[in-house]
Amino acid sequence: MADISLSGAAQTVDNIQSTYMAQVQRRRLYGGLNLLIFIILMVSGFNIADDRNAGGFWDGLHQIGDYPADVLSEAWEKRADLPALIAKYFPALVETVNIAAVSTLIGAIGGLFLSLLGTRGLAKWPRLIPLFRRISDIMRAVPEIVIALVLIFVLGGGPVPAMIAIAIHTAGSLGKMFSEVAENADLKPVDGLVSTGATWSQRMLLGVVPQVAPNYVSYALLRFEINIRASAILGFVGAGGLGYELRNSMAWGPGRFDEAAAIFILLFGTIVFFDQVSSRYRNRLTEGQGQ
Amino acid sequence: MTAIDLDATKFQAEKLFQRKRIIGYGIPAVIALYFVYIFFAFDLPGLAQRANMDNAMTLASDSWSHKVHVTRDNRSGEITYAVEGERKGRYPEGQRPDWVTGNEVITIDLGGDHVVRYLPDNRTEIEIPGFQLIEVQAEGRSLTTNLPDDLPDWISASIRRIGITTPEGRITLTGARTEVFNYFPGWELFWFTLDSPYHGQGLGTLLFGERLDPTRLNISGAISDWWNNAMWRHKDVAWAIGETILMAFLGTMGAAIIALPLAFLAAKRFSPVMLLRAATRRLFDFVRGVDALIWTVVLARAFGPGPLTGALAILITDTGTFGKIFSEALENVDQKQIEGVSSTGAKPLQRYRFGVIPQVVPVLLAQILYFLESNTRSATIIGAITGGGIGLMLTQAIQTQKDWEEVAYYIVLIIAMVMIMDWFSGWLRGKLIGRKD
């Protein structure tokens, strides 16, 4: 009897071991297949991209340094003019930062409404929650350049098209992030306010906003960093600011590289500066929450 | 004692309220002031003059409608019929729209009793209800008309050029040629151009009908004619979208592959050498700070326009971002699992593989997939700068300022592309690391 049970136990161990090994093997096979598919996708994708590019990857690789070297050497020769050029392009920088700031503000206000109206338990019209969610999905999906180009055609070049384009995208993406935060908000203050007969806007302003404000501000700051980059890029397609000046100075080619260098320096400095400032404040905001 | 305490507390509470009140009114006031500053800095009052409402009207009407041009060359007398006035949209010899009749006298019925007649000897008659019969004679480079001196605002006339805009269509006359534009709703020739035998055939005919082109099966012929449609260029558009997604894919995945080992160097726990750690971190900050715009500009010089340049620009910028995120994730791994793995006698590489990687993979994958979606949008913009993908087609279509239906088509496709990528990355995330919600 004992003998039989012992051999039975041994068999189950064997069984368990073999099924476990089979499982591991199967998982390895799937993992390997996935890896293989991924590698094939990467390699063939690279080859297609290389084929469709004007210049090949291997030819271009050793030329990467040429343009920066040209720009730097010319800028170095004319280094005495550099401070004057930086001063000259400073207003353009201010415009780029202004575009980012205004569109972040407008987008954050829009995102606030979209998120409150699109969150279960907080919405003013619960039936319309899917509508507001779809609106914010669509606003998020439209790349800034699409709206900017269309608006440039209608409104003419300048900061306003870029501002509107970035604000729309910001409202959509902040709307999504905000509503994820708002979903976790404590509803007790809201219930308390309901009992005092508060209106919807009072409930939101006094019951929900104080709870979510640190996270909202933190997300808005992150978005501001992203929007500075976006506003510089949109300038390149004609929407004013630093990007526009960069395109103009690049169109001149050699001889104006000192201007391009000045703009590069300004842009790099601004992005790093605002990244540092915003990440410091974001850390403080999220740390303050934990305490 | 308690009275003093109460007074002090009350005083403190009042001060707190006062401060809160100042903040409560101060922040909105500062924001309002900033908006006022922006109002003037961005010259919003001047915007009304700069804005071109005619452009807005063209855009709004052209994006969902098309026009057919009936053009008479006043030198040769030849009459051409073409959709959007393009060579690719021209009606084949001997064919013309059914609202045009007559041989000697060409009668163009714009609808709503608006009729234009091309008479011999370069004469034109235009009938518009509620207005006199307009007669125009083109001679050399000038026009003689019977138009009165005071004209309604929908007619502009000079000795060289007359333009008439009616709700039914537009007519322009110059010495060299007379042209009528008739507007129709919908995107013209979206499926087949006029030279294709399948133009104007129903789906039933295409699937089950007689062979329209004896050399090809209906269905394969129709697909190939649609695919090679010269007007809408479906093939090029599909390639362009493919290029854009390819840029995002190559850029994101390449960045992740490069950033992962570098992130180990930047994480305090895995990289004991301070100098190396600091250097890696500064490298991440640098490539992130330079920004995709400058990378695109620099790389376009080396590699020329195309998807590879865009992919590399995304790759370099995101290496910095991923490096930062990954190294933060690596700092936060749980030591216990690594200890457990090393207690079995695992070597360092195995410790990383079984102790660290399983912990960070969910975070990394979530980030990578999120960036894949967001980079699809970036790739559209970068494509517009470096010259590749759907972004380039969109900018070109907008810059030529005439094919607004194509612009609308591209915009719809771009939004659909981003939404599908969003859905796809969410789906893949759910498959790979389990759904959070």
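Residues numbered from 1 in each chain as written. Chains lettered and ligands numbered in written order. Predicted model: local features only at pLDDT ≥ 70, side-chain atom pairs only at ≥ 80, totals over all residues. Heavy atoms only, no water.

(A) Broad picture of the overall build of chain A. Along the backbone of chain A there are 11 helices and zero strands. Sequence-ordered secondary structure for chain A, helices as α and strands as β, is α-α-α-α-α-α-α-α-α-α-α. C-alpha atoms of chain A, sized along the principal axes, occupy 100 × 70 × 40 Å. Per-residue burial over chain A gives 45% buried out of 291 residues. Accessible area of chain A: about 15,300 Å², with a carbon and sulfur share of 64%. The average position of the 23 basic charges and that of the 23 acidic charges among the side chains of chain A differ by 11 Å. (Helix = DSSP H or I, 4+ residues; strand = E, 2+ residues; numbered from the N terminus. Buried < 20%, exposed > 50% of the residue type's maximum accessible area, 1.4 Å probe, protein only. Areas by Shrake-Rupley, 256 points an atom, 1.4 Å probe, with all protein chains shown as cover. Lys, Arg positive; Asp, Glu negative; His and termini not counted. Charge placed at Lys NZ, Arg CZ, Asp CG, Glu CD.)

(B) Layout of the overall build of chain B. A count of helical and extended segments in chain B gives 12 helices and 12 strands. Its C-alpha atoms give chain B a radius of gyration of 33 Å, more than 25% over the compact-globule value 22 Å for 437 residues. Considering only C-alpha atoms, chain B reaches an extent of 100 × 75 × 45 Å along its principal axes. Within chain B, buried positions represent 44% of all 437 residues. Considering only intrachain contacts with a sequence separation of at least 6, the fraction spanning at least 24 residues in chain B is 55%. Total accessible area computed for chain B in this model is approximately 23,200 Å², and 60% of it derives from carbon and sulfur atoms. Taking the average location of the 42 positive side-chain charges in chain B and that of its 45 negative ones, the two points are 15 Å from each other. (Rg over C-alpha atoms; globule rule 2.2 N^0.38 Å. Contact = heavy atoms within 4.5 Å.)

(C) Geometry of the pairing of strand β4 (residues 106-111) of chain B. Residue and element names in this part refer to chain B. Summarising the sheet, strand β3 (residues 100-101) and β4 pair through two bridges and their orientation is antiparallel. What sits directly across from T101, in β4, is T107. Joining the antiparallel neighbours β3 and β4 is a turn of four residues, in which G102 adopts a positive phi near 90°. Here β4 runs beside strand β5 (residues 114-119); their pairing, made up of five bridges, is antiparallel. By the bridge assignment for β5, G111 is matched with H114. Hairpin connection, β4 to β5: the antiparallel pair is bridged by two residues, and G112 has positive phi, about 60°. (Pairing = 2+ DSSP bridges.)

(D) Layout of the side chain of B:K67. Its location among the elements puts B:K67 in strand β1 (residues 65-73). We classify B:K67 as buried; its relative accessible area is 11%.

(E) Focus on the nonpolar core. Grouped together as the largest cluster of nonpolar side chains are 147 residues, with contacts concentrated most on A:L234, B:I108 and B:L394. It is helix α6 (residues 234-266) of chain B that contributes the most residues to this core, 12 residues altogether. Ignoring sequence-local partners within four residues, the contact set of B:I108 consists of B:V70, B:W99, B:V100, B:H114, B:V115, B:V116, B:Y118 and B:V180. Core analysis: the second largest hydrophobic core is formed by 17 residues, A:L116, A:L174, A:A182 and A:M204 among them. (Core = buried A, V, L, I, M, F, W, Y, C linked by side-chain atoms within 4.5 Å.)

(F) Examining the environment of A:L131 more closely. Mapped onto the fold, A:L131 is located in helix α5 (residues 129-141). Placed 13 residues apart in sequence, A:L131 and A:G118 show a C-alpha to C-alpha distance of 7.9 Å.

(G) How the structure looks around the interface of chain A and chain B. Taken together, the contact pairs 60 residues of chain A with 60 residues of chain B. Here chain A packs against chain B, burying approximately 5,600 Å² in sum over the two surfaces, 76% of which is carbon and sulfur. If you sort the residues of chain A by the area they bury against chain B, A:R52, A:F153 and A:I233 come out on top, with a joint share of 13%. In this structure, the salt-bridge partner of B:D422 is A:R140, at a minimum N-O distance of 3.2 Å. (Buried area = accessible area lost by both parts, 1.4 Å probe. Salt bridge = Lys/Arg side-chain N within 4 Å of Asp/Glu carboxyl O.)

(H) Layout of the confidence of the model for chain B. Looking at chain B, the pLDDT average stands at 83 and 98% of residues meet or exceed 70. Within chain B, helix α4 (residues 203-208) of chain B has the poorest average pLDDT of any element, 71, and α6(B) the best, 91. (pLDDT = per-residue confidence, 0-100.)

(I) Examining the domain arrangement of chain A more closely. The assigned domain composition of chain A is domain 1 (2-51) and domain 2 (77-290). Inter-centroid distance (C-alpha atoms) of domain 1 of chain A to domain 2 of chain A is 46 Å. (Domains from an automatic or database assignment.)

(J) Inspection of the pattern of salt bridges at higher detail. The tally for this structure, following the rule as stated, stands at 20 salt bridges over all chains. With its nearest N and O atoms 3.3 Å apart, the salt bridge here joins B:D291 to A:R229. Taken together, the positions of B:D291 in helix α7 (residues 274-303) and A:R229 in helix α9 (residues 200-236) put the pair across two chains. Classification of B:D291 as buried rests on a relative accessible area of 3%. On the accessibility criterion, A:R229 (13% relative accessible area) is buried.

(K) Broad picture of the sheet that holds β5(B). Across the sheet, six strands lie side by side as β3-β4-β5-β6-β7-β8 (chain B); this open sheet has antiparallel pairing. Unpaired on one side and paired on the other, β3 and β8 (142-145) of chain B mark the two borders of the sheet.

(L) Examining helix α9 (residues 335-343) of chain B more closely. Structurally, the start of α9(B) carries an N-cap: the backbone nitrogen of B:K336 is 3.3 Å from a side-chain oxygen of B:D334. At the C-terminal side of α9(B), B:G345 shows a positive phi close to 85°. (Polar contact = N/O pair within 3.5 Å; in protein donor to acceptor, adjacent residues only side chain to side chain.)

(M) A look at the pairing of strand β12 (residues 177-185) of chain B. Residue and element names in this part refer to chain B. As paired elements, β1 and β12 share nine bridges and run antiparallel to each other. Bridge assignment links V70 to a residue of β12, and that residue is V180. Where strand β11 (residues 169-174) meets β12, five bridges bridge the pair, whose relative direction is antiparallel. Bridging across to β12, T172 finds its partner in E179. Linking β11 to β12, which pair antiparallel, is a turn of two residues.

(N) Examining the packing of helix α10 (residues 348-386) of chain B against helix α11 (residues 389-400) of chain B more closely. Residues and elements named next belong to chain B. At a minimum axis separation of 6 Å, α10 and α11 run at an interaxial angle of 60°. Viewed along their axes, α10 and α11 adopt a mutual orientation that is oblique. Crossing of α10 over α11 shows right-handed handedness. Contacts between α10 and α11 pair T380, G383 and A384 from the former with I390, G391, L392 and T395 from the latter. The residue inventory of the contact of α10 with α11, partitioned by class, reads three nonpolar, four polar and no charged. (Axes fitted to C-alpha atoms, helices over the stretch in contact; angles between N-to-C directions. Parallel < 35°, antiparallel > 145°, perpendicular 65-115°, else oblique. Left-handed = near helix turned anticlockwise from the far one by under 90°. Nonpolar A, V, L, I, M, F, W, Y, C, P; charged D, E, K, R; others polar.)

(O) Examining the domain arrangement of chain B more closely. When its domains are assigned, chain B resolves into domain 1 (2-48), domain 2 (66-185) and domain 3 (234-433). Here the C-alpha centre of domain 2 of chain B lies 65 Å away from the C-alpha centre of domain 1 of chain B.

(P) Representation of the sheet that holds β11(B) in the model. All names here are of chain B. Ordered by their spatial adjacency, six strands build an open sheet running β2-β1-β12-β11-β10-β9, and the pairing between neighbours is antiparallel. Sheet topology places β2 (79-83) and β9 (155-157) at the edges, where each strand pairs with a single neighbour. Sheet twist, expressed as the mean angle between neighbouring strand axes with direction ignored, is 10°. As judged from the five bridges shared by β1 and β2, these two strands associate in the antiparallel manner. Counted as the bridge partner of V68 is V83 from β2.

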